Structure formats: C-alpha cells, structure tokens
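# Working through the structure, step by step
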Amino acid sequence: MRDFELPGRSLAVGRTAMAATSQPLATLTAIDILRNGGNAVDAAVAACAVQCVVEAGSTGIGGDCFALLSLGGTDEVLAYNGSGRAPAAATVEHLRSLGVTSLTRTSPHTITVPGAVDAWTRLVADHGRLKMADILAPAIKLARDGYVLPPRTAHDLAAQADVLKGDPAASRVFLVDGKAPPAGTIQHQKQLADTLEAIGREGRDAFYRGPIAEGMVSYLNGIGALHTLEDFANARGEYVKPIKTTFRGHEIHECPPNGQGIIALMILNILSHFPGKGDPLAPERLHIEVEATRLAYAARNRFLADPAKVDVPVDYLLSDELATELAGMIDPEKAIENLPPFDEVPHKDTIYLSVVDSDRNAISFINSIFFVYGSGHMDPKSGVMFHNRGFSFSLDPDHPNAIAPGKRPMHTIIPGMVTKDGRAIMPFGVMGGQYQAMGHAHFLSKVFDYGMDLQSAIDLPRLFPLPGTNQVEMEARLRNTIGPEFTKRGFEVKAPESAMGGAQAIWIDWETGVLKGGSDPRKDGMALGI
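It should be emphasised that the depicted structure is a prediction, and the values quoted were computed from it without experimental measurement.

We now examine the side chain of Asn-401. By secondary structure assignment, the location of Asn-401 is in the loop between β11 (362-370) and β12 (416-420). Within the structure, Asn-401 has its side chain in polar contact with the backbone nitrogen of Met-410 (distance 3.1 Å). Residue contacts for Asn-401: discarding those within four places in its chain leaves Leu-304, Ala-305, Ser-392, Phe-393, Ser-394, Lys-407, Arg-408, Pro-409 and Met-410.

This is how it looks when you write it as structure tokens:
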C-alpha cells in the first residue's frame with residue numbers, strides 16, 4: 001500500500017479498459033481509440049504514433065518495434081519482431097574498403113532499414129478493428145497543428161542539441177536558433193504529418209516503396225549510407241515464437257533473439273535460487289540482483305545475435321543447469337572479480353506502452369530509435385528521424401553480431417508478458433536500453449517476491465551494473481543509503497547519466513474484473529483506466 005504522506009502517484013484502476021504509456025497525450029489517445037470502437041492493438045499503434053511526434057527523442061517511424069499480444073487474455077502469446085535489417089551491401093569487407101574502422105553514434109552505417117511501420121500495419125491488419133487512417137489521425141493532427149514540448153522530452157532534447165545541430169532538417173524541426181527550446185515550447189513536424197497521412201491512406205507501401213522511400217534512400221545515400229530501394233522494398237518483420245521461463249509460479253514471456261529478452265529470463269532463473277525476503281532494497285538483496293545481472297549480460301555478449309544468421313543456443317541459455325551454475329558463482333559478501341570478456345556498446349532510448357481492452361486483449365508494445373534522437377539524421381522531405389540500431393553491430397567478422405547483408409542487430413528493446421493458469425495477467429515493460437533486461441527482473445521480483453503493487457514497484461530507486469565492469473550505477477536514493485556498503489563489497493558506485501529507465505504495466509484481476517496500472521514517474525506519462 002502506498003504511503004500517502006510521501007510524494008508519488010497512486011495505482012491507476014479501471015474496469016473496462018486501460019492504457020499505460022510514458023506520455024499523457026499518448027495515454028489519452030489510446031483511451032479515445034478504445035472508446036471509439038478500437039481494440040488494444042489499434043490503441044497501442046495510435047498511442048505509439050503520437051509518441052513518435054511528441055516524444056521524438058525516444059521513438060519514431062524511423063525505428064524498430066516489438067510486440068507481445070494475448071488475444072482475449074489467453075496464455076497463447078503471439079510475438080512480432082519488427083526489427084530492421086542491414087542493407088544488402090553492408091559487409092565488413094565493403095565497409096573496410098570504404099575506410100570504416102568503427103561504427104560511431106552518427107555513422108550512416110548504423111542506420112538499418114526501419115521496421116516500425118511494417119510492424120504497425122501488419123499488427124493492425126491481422127488483429128485490429130480500425131482503419132490505419134483513423135488510428136494515425138491523432139498523431140497527424142499533433143504533428144501538423146503543433147504540440148507542447150513536455151518536461152522530460154525537453155530535458156533529453158537539451159542533452160542532444162549538439163548532435164541535432166549537425167543535421168539541417170533535425171535542427172530546423174527541434175532547435176530554435178541552434179539551441180534546445182525549453183519545456184512549454186510549441187513544435188511542429190509537418191513533413192512527418194504528411195508521411196503519416198500517406199501511410200494511413202496507402203498502407204505500408206507508402207513508406208517502403210514509391211516517392212517516400214525514394215526520398216529516404218536518396219537522403220541516406222547522400223550522407224554515405226549503402227541503402228537501396230530494394231532494401232526498403234524487401235523490409236519485412238515476422239511473427240516469432242515467444243520464449244518463456246517460470247518465476248514464482250508465473251510464466252514470463254519474452255520475444256526471442258535478436259532481442260535481449262532471453263537475458264531477462266536468465267536473470268530470473270538465477271534469482272529463482274535466491275528467495276526474496278526482508279527489505280527489497282537491502283544491500284544483501286540488491287547485491288544478488290546485481291551479480292545475477294553481471295553474469296547474464298556477459299553471456300549476452302557472447303551469444304546474442306540474429307538467429308537467422310548465426311546459431312543462438314536458446315535452450316542452453318535458459319537451462320536449469322546453466323542457472324544453477326551461474327547462481328553458484330555468486331558470493332553474497334563480495335563482487336565477482338573475473339567475468340567473461342565483454343565489449344558491448346551503450347544502449348539508449350525507447351518508449352514502451354501497455355494496453356488492455358474490454359475483451360481483455362492485452363498488448364505489450366515497444367518502439368525505439370535507439371539513442372536519444374537516434375542517429376541524428378533526418379530526411380528533410382519525409383520528416384523521418386532515422387535510428388542508429390546498427391551501432392550494436394560489430395566490425396569483427398568473427399563476432400556473432402558482425403554486420404552482414406540483411407542481418408538484424410542485437411536488440412535491447414523487450415516487451416514482456418506474464419501469464420498464469422491459462423490467462424494473461426500482466427503486459428509490462430521497462431525502457432532504458434541496456435537496463436531493460438535487469439529492469440524486467442528487478443520489477444518482477446519486487447511484485448512476486450515482495451508483494452508490491454505495480455506503481456510502488458515502479459517507483460523504487462534503481463541500480464545497474466555496467467556490463468563487463470565492477471561499476472554500478474545507482475540513482476541518488478540508493479547511493480545515499482547502500483552506496484558505501486557496495487563500495488566495501490568491491491563495486492565502484494557511480495551516478496547514472498540520467499534517471500534510469502521507465503516502466504509501464506497493467507495487471508488483469510480476473511476474479512474481480514478490475515484492471516490496475518502503473519506508469520513510471522521518471523517519464524512524463526501516466527496509466528489511465530476507464
């Protein structure tokens with residue numbers, strides 16, 4: 001139960017339907033879509049499209065998308081992988097011949113073909129009720145008529161002003177006289193409005209074929225990228241079989257690789273050997289969570305890649321034997337000194353949302369342009385800000401995540417779904433790049449080990465061990481309490497660059513018919529039930 005004498009927010013409740021997003025306009029859009037005859041899929045896509053406008057630093061149609069969907073609240077969970085692929089000409093050898101020796105944040109070679117629009121249109125065609133034109137209408141209106149820059153987005157924009165100044169179109173749209181505007185500024189994205197309108201009118205082909213694709217390819221080639229019209233025309237996501245594990249009597253579902261959902265399941269498997277007790281923020285408990293995360297993330301770097309291109313040993317990574325072996329490596333008194341080598345790049349920004357409708361269709365939906373404002377490159381004609389998801393690729397030809405034609409990079413974005421006794425009970429997700437896998441495990445442990453409600457679990461202060469190091473980022477509330485104890489245990493404690501991640505979740509109480517939702521105070525959003 002929340003302590004009402006402390007700052008915070010209450011758990012959202014409802015009976016008919018609920019949406020939880022990181023942006024109020026997106027949550028309201030989802031509720032409006034549900035009230036006007038749409039279902040959870042329609043509402044999720046409409047909300048995400050709004051966020052692509054008003055939270056453009058975190059997401060966009062120039063990025064990728066993953067979703068988990070339960071139709072009618074059953075435990076037969078569908079998964080959709082909407083991650084884009086490298087151009088056909090993108091080989092390690094070709095890039096080396098061009099003098100490319102490393103992939104930087106703004107390199108045109110980090111831009112893979114965006115997969116979000118394909119995912120949206122496929123999910124709506126297969127499972128939605130409304131027309132895409134109606135679903136995208138709220139986002140189009142905001143982009144064309146203007147929207148108010150919210151506080152967290154303004155904060156993120158200010159941190160990326162120097163990157164955006166390097167691109168004329170991005171600078172024109174997001175900056176004022178080359179500087180980041182303050183929260184409360186009215187912004188417009190009229191070219192993006194036209195592009196969204198074309199998608200609503202003509203479907204996915206408006207984006208992947210024809211004049212818009214021609215404009216994007218021309219722009220990309222102009223900055224040195226290797227994309228062709230054929231790369232865009234061949235873009236396709238796919239339905240995939242979810243992977244899962246059991247944690248405290250609940251089935252936890254994640255999308256399979258090339259996403260890192262398997263790492264969240266590995267952490268939960270390790271934590272299964274350490275029952276939760278006492279204070280959920282006690283250093284003894286957080287030590288276990290940190291060490292489980294360090295071990296699982298080391299395995300991520302060794303194995304995780306596009307399973308269509310390399311063998312990813314999913315069964316081994318999720319085996320009880322490996323979980324037992326890794327759990328046995330944890331010393332409850334001090335940090336593990338020798339971890340497997342890890343040479344991963346940073347992982348940045350995303351939006352996540354959950355929707356449950358009156359038929360108890362439940363969707364867990366995540367959309368990302370990777371770094372804040374992605375690659376920093378915007379096509380001036382379409383208004384599309386391109387992601388830089390290919391930054392996860394390696395230029396080492398022997399690495400499982402080496403760049404290759406048509407290959408999907410290792411992904412950090414992961415929607416989650418919990419089922420029990422044949423029913424879906426919670427679509428959930430935690431944004432925050434690398435943190436996401438630990439965030440899933442940390443959140444679920446607080447709910448199932450400690451009986452916390454969703455909002456209280458989301459509100460807790462966070463920590464994250466930087467992969468391959470003994471460094472642990474802690475939000476201030478933890479640094480001030482357990483930071484010294486972690487230092488004694490052999491960790492180097494440091495502050496994160498910004499508030500850590502963001503979470504949304506909706507709980508379906510099948511006995512009472514009540515929906516309960518939580519939304520992260522680290523973002524601008526909210527959960528709302530009707």
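Pairing in this open sheet of seven strands is antiparallel, and the strands run β1-β18-β17-β13-β12-β9-β8 from one edge to the other. Lying at the two open borders of the sheet, with one neighbouring strand each, are β1 (12-14) and β8 (243-247). Ignoring strand direction, the axes of neighbouring strands in this sheet form an average angle of 20 degrees. Bridge count for strand β17 (residues 502-508) against strand β18 (residues 515-519) is five bridges, and the pairing is antiparallel. Note that in β18 the partner of Trp-507 across the bridge is Lys-516. Set on the sheet, helix α17 (residues 435-448) makes contact with β8, β9 (250-254), β12, β13 (423-431) and β17; between it and β13 the angle comes to about 135 degrees.

Quick look at the packing of helix α1 (residues 24-35) against helix α2 (residues 40-54) now. At a closest axis distance of 8 Å, the pairing of α1 and α2 adopts a crossing angle of 150 degrees. When the axes of α1 and α2 are compared, the pair comes out roughly antiparallel. For the pair α1 and α2, the sense of crossing is right-handed. On α2, the residues that touch Leu-25, Ala-26, Thr-29, Ala-30, Ile-33 and Leu-34 of α1 are Ala-40, Asp-42, Ala-43, Ala-46, Ala-47, Val-50, Gln-51 and Val-54. For the contact of α1 with α2, the residue count by class is eleven nonpolar, two polar and one charged.

The rules we used
Residues numbered from 1 in each chain as written. Predicted model: local features only at pLDDT ≥ 70, side-chain atom pairs only at ≥ 80, totals over all residues. Heavy atoms only, no water. Helix = DSSP H or I, 4+ residues; strand = E, 2+ residues; numbered from the N terminus. Polar contact = N/O pair within 3.5 Å; in protein donor to acceptor, adjacent residues only side chain to side chain. Contact = heavy atoms within 4.5 Å. Pairing = 2+ DSSP bridges. Axes fitted to C-alpha atoms, helices over the stretch in contact; angles between N-to-C directions. Parallel < 35°, antiparallel > 145°, perpendicular 65-115°, else oblique. Left-handed = near helix turned anticlockwise from the far one by under 90°. Nonpolar A, V, L, I, M, F, W, Y, C, P; charged D, E, K, R; others polar.

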